[in-house]
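Okay, here's what each chain looks like letter by letter:
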Amino acid sequence: MRKRRGRALDGWLVVDKPAGMTSTDVVNRVRRAFAAQKAGHGGTLDPLATGLLPVAFGAATKTVPYVMDGTKLYRFTLRFGEARDTDDADGQVIATSAVRPDDATIRAALPAFRGAIMQVPPVFSAVKIAGERAYDMAREGRAPDLPPRPARVDRFELIARPDSETAVFEVASGKGVYMRSLARDLALACGTLGHVAALRRLCVGPFDETMAISLDKLAGSSDTEPASPDLLLPVATALADIPALALTDVETSGLQNGQAISLVTLMGRIPAQADPQGGLVLAMAGKRVIGLCRLEDGWLCPERLL
């Protein structure tokens, strides 16, 4: 008896991830619910974290890198007084401090963590060292000495102070910024220790909470009908921030065969917001997405066809 391969589905599902599950757990559950052939996620969330986890099906998996490159918005609670080995509440306490900074001290420390910064990832992270994951090394008692890496933080604001033990922040950041590292390093800059007690992702690129669906609302199991494809957002949703360029049938055919198109023939159609020196555009044939193209040296060059 041949193993069932599942349905060929294309699109995005924005899941409101619950605490206690890994991102891979969520993807596997969603894939089973839809009986889908292929699925992946657009940016890992720690088990402790909740919030937006975009799940890509089929052709949408080709657009995952563009989602991961988008701006992300987080809200997290920093608990002062304890350093933990994972830099969040799931870890073991490794040091304590009696210092509890006031609001003025916190706000004075924040500017150093905005803009282009260097950040040391948590030792319990997926960073690879000589082919090994840092978290695997840490679990075996070989916690690596991770070097700092460039990070971009667009916004980092104190938004609430429930009590002297905790503070709530919102952060808008680029790709690969660890909220656990921000919390750890901010506490140190305030003369104390700290870790993330709660974390929620509010936005990922073009995806926001209005698009999210809880896992509990997904139908589909071994003894029920698979979840409806009507729940999926179009593949192009992930590329909403990229300017669109309309192509003719002849141009579409050429592009799909790997041919570059002279920008001279596209004059008057090139979006004003597209950068002519290496910028991306979304190639469209009517309402159908053809793929992503780059404007280079006077040509429209296919980069990733969908």
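My aim in this report is to walk through the structure given alongside it, one point at a time. (Residues numbered from 1 in each chain as written. Predicted model: local features only at pLDDT ≥ 70, side-chain atom pairs only at ≥ 80, totals over all residues. Heavy atoms only, no water.)

### Some thoughts on the overall build of the protein
The number of helices and strands found in the protein is six helices and 19 strands. Sorting the 306 residues of the protein into buried and exposed places 47% on the buried side. Residue pairs in contact within the protein that sit at least 24 positions apart in sequence constitute 70% of those at least 6 positions apart. For the protein, the exposed area adds up to about 15100 Å²; of that, 52% sits on carbon and sulfur atoms. Measuring between centres, the 37 positive side-chain charges of the protein sit 5 Å from its 35 negative side-chain charges. (Helix = DSSP H or I, 4+ residues; strand = E, 2+ residues; numbered from the N terminus. Buried < 20%, exposed > 50% of the residue type's maximum accessible area, 1.4 Å probe, protein only. Contact = heavy atoms within 4.5 Å. Areas by Shrake-Rupley, 256 points an atom, 1.4 Å probe, with all protein chains shown as cover. Lys, Arg positive; Asp, Glu negative; His and termini not counted. Charge placed at Lys NZ, Arg CZ, Asp CG, Glu CD.)

### As for unusual backbone geometry
Positive phi outside glycine occurs at Ala-35, with the angle close to 50°. Residue placement: Ala-35 occurs in the loop between helix 1 (23–34) and strand 2 (39–41). If you check the backbone angles, Asp-297 has positive phi at about 50° while not being a glycine. With respect to the element layout, Asp-297 can be found in the loop between strand 18 (288–296) and strand 19 (299–305).

### Points about the layout of surface pockets
A probe as big as a water molecule, rolled over the atoms, marks out the empty space that is left. What the largest pocket holds in volume is close to 930 Å³. Around the largest pocket sit 32 residues that line it, and Thr-44, Leu-45, Asp-46, Tyr-178 and Arg-180 are the ones nearest its centre. Elements that contribute at least two residues to the lining of the largest pocket include exactly helix 1, strand 4 (72–80), helix 4 (134–139), helix 5 (179–189) and strand 12 (194–204). Looking at the lining of the largest pocket residue by residue, the classes come out as 12 nonpolar, 11 polar and nine charged. (1 Å grid on protein atoms, 1.4 Å probe; cavity = no way out; pocket = protein on both sides within 12 Å on 5 of 7 lines; lining within 4 Å. Points joined across faces, edges and corners; volume = space filled by probe spheres on them. Nonpolar A, V, L, I, M, F, W, Y, C, P; charged D, E, K, R; others polar.)

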